[in-house]
Amino acid sequence: MPADSITKTAMLPESIREKIRAFIPRYPSKRAVTLPALHIVHEHFRCVPFRAMGEIAEILEITPAEVHDTMSFYGFFPQAPIGDVRVWVCRSISCMLTGGEEMLEHACHQLGIEPGQTTRDGKLTVEFAECLGICDHSPAALADDGRIFGPLTTEKVDQMLDTLKDGPKPEFVD
Amino acid sequence: MAAFEPVLSRNWNVPDSRTLKVYESRGGYQAARKALTTMDPDQVVNLVKDSELRGRGGAGFPCGLKWSFLPKDRKETLMCINGDESEPATFNNRLLIEEDPHQFIEGILISCFATRASTAYVYLRFEYINGHRIMEKAIAEARAAGHLGKNIYGSGFDLDIWMHRGAAAYICGEETGLIESLEGKRGWPRIKPPFPAIEGAFRKPTVVNNVETLCCVPHIIERGADWFKSIGTPKSYGPKLYCVSGHVNKQTCVELPLGVTCRELIDVHGGGVWKGRKAKAAVPGGISMGLLSADELDTPLDFESLRKPGCLGLGTAAVTVIDDHTSIVDYLYNCARFFAHESCGQCTPCREGTNWLYKMVKRIKGGNGRIEDLDIMLHMANNLGIIPGTTICGLADGAAWPVKNGITKFRAEFEEYIRAHQNGPDPVTPLQERIAQGVTAVSSSSPLLPVLNGAGGPARLG
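Residues numbered from 1 in each chain as written. Chains lettered and ligands numbered in written order. Predicted model: local features only at pLDDT ≥ 70, side-chain atom pairs only at ≥ 80, totals over all residues.

Quick look at the overall build of chain B
Now for step 1: Counting its secondary structure elements, chain B contains 17 helices and 11 strands.
Now for step 2: If one aligns the C-alpha atoms of chain B with their principal axes, the spans along those axes are about 85 × 55 × 45 Å.
Now for step 3: Across the 462 residues of chain B, 53% fall into the buried class.
Now for step 4: At a minimum sequence separation of 6, the contacts of chain B that also span at least 24 residues come to 69%. (Helix = DSSP H or I, 4+ residues; strand = E, 2+ residues; numbered from the N terminus. Buried ≥ 20, exposed ≤ 12 C-beta atoms within 10 Å, placed from the backbone. Contact = placed C-beta atoms within 7 Å.)

Quick look at the domain arrangement of chain B
Residue and element names in this part refer to chain B.
Now for step 1: Looking at the assigned domains, one finds that chain B contains domain 1 (20-230), domain 2 (239-323) and domain 3 (328-420).
Now for step 2: Measuring from the centre of the C-alpha atoms in domain 1 to the corresponding centre in domain 3 gives 35 Å.
Now for step 3: The partner domain 3 presents seven residues to the nine residues of domain 1 that form the contact.
Now for step 4: Among the residues forming the side of domain 1 that touches domain 3, the class breakdown is six nonpolar, two polar and one charged. (Domains from an automatic or database assignment. Nonpolar A, V, L, I, M, F, W, Y, C, P; charged D, E, K, R; others polar.)

So, the domain arrangement of chain A
Now for step 1: Segmenting chain A into domains produces domain 1 (3-73) and domain 2 (85-164).
Now for step 2: Inter-centroid distance (C-alpha atoms) of domain 1 of chain A to domain 2 of chain A is 30 Å.

Comments concerning the confidence of the model for chain B
Residues and elements named next belong to chain B.
Now for step 1: Summarising the model, chain B shows a mean pLDDT of 94, and 95% of its residues fall at 70 or more.
Now for step 2: Low pLDDT, under 50, characterises residues 453-462; the predicted model gives this stretch 21 contacts beyond four residues in sequence or across chains.
Now for step 3: Interface confidence in the predicted complex, given as ipTM, is 0.94; pTM for the same model is 0.93. (pLDDT = per-residue confidence, 0-100.)

A word on the environment of Leu65 of chain B
All names here are of chain B.
Now for step 1: Relative to the assigned elements, Leu65 resides in helix α4 (residues 63-68).
Now for step 2: The class for Leu65 is partly exposed, based on 16 C-beta atoms found within 10 Å.
Now for step 3: In the structure, Leu65 is positioned 15 residues away from Asp50 in sequence and 9.8 Å away in space, judged by C-alpha atoms.

Next up, the structure:
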């Protein structure tokens, strides 16, 4: 396909395509780049749109169905944009025992949303999660910029939501 | 016994423990240098075999033996490091990665040299976001200093390490599920044989090891197999990172000799049960291992001893304490919900069974349980998993164990709960009423229908 027709119709910008192609030499098969590509696209659009799946497939020389099959297996890649910050509140054993379910309920109540939904202003998506591996902070929550919150109380959930509304802020930057 | 000296966590409280400079100043990469320049790969394999290092990921398979299954005439070997760590209450690998990434890289380097793998993939769960950043930086640092790349230490050995991020699926911690996921497919475990050592990732001989297992390797090279075997209990040698969380005063991860008792872990290292209460039960090593009752807390947490109280094994050695104010129904509800959520859907007994178990315990919790439900659940649990031979991987065994241990050890409490919580039949819904009256249900532009791409649908309510 000539380059100009790609730029006219393509959804993925060249910078994103370049990022995806950079992963190809790491693996013996192009298909192995599916997950990295989904993560790259997801980070860019805050979702993986239907058309992007087709374009990933084109770059990796596999079928769109294969990309979709992988994408939909992981409950991780939404097809519509999520909020600027995605926060997971843990509901697995150690967090449940120390009040995680109540923290999730409180967070959603404060924002007027259900778990899995995004606030109307598009700032925050709140989801439940199975064990996040941060049980030393139980009951805990994790933002998708890497910030860990916990042990949570209802007051600390309120503070957490206020902080997160300011947008993503990586905890560890070097 | 001599005082125990932590090795895996020895750098955790040192300032800037993540940096190469600090790691090298504390003797880092000396073991790798020793292995690569003075030993041949088989000597390393034999040393690890002699140490009887058993895999720290859950199954406890001897690490050196796993390495020796690789075909002798292989052209290429791949190393996959399992950093998917998703077993509830487990976070030791996260700390190993975040606090001392170079110890981990040194372990990978030596293990790849031993198995002649020139490419290593670290499969890290997505949620370890800081861990991922720390590892990318540490790998770049190690490469710049010549610990990775071509002709390391002039030994002629080359190694590249690549980070590969998961996407929040518990099943990808199963070694063949991990391989499938690495290949870009859904994380469906493979039927074995062939085992990964013969035909693994990209159909090449592959070793899959846990993060903590590989972190033990530099210390075995440095101090020898006898040192390693001087720690722990028979058949369970070496140091182990124990996690303790839930109803304790101090949720923490602590390095101890294998075989510490659950009680010591709770009372000494976890600061005792919170709020001055007593422990009702404890999960010994991640929820898939089952449950210890209060009078079984003196069980040593090692690979062998946990079978006696009927647990599945040591698992990840992550203890969760449940206090005597907690209903055992809540515990089982949480476990059953987890496995129903995380079953990959490949094997029917697991896909259906985990959901049936969840629905039954949900009904009990909701107040419509029947005493015979307990027996039905036990019957299902006994027929679910690798052990009865009905599934490809062990996820279903993990789902069965909390049911088996929970109902067997706390039957009286379940029965009492069921008797005390009887709400009567569910209220009849309007739809059921219409159907009973023979009225055809009319559905017009139902808001419950799925909406493509979320456009205009209920996905972005605010």
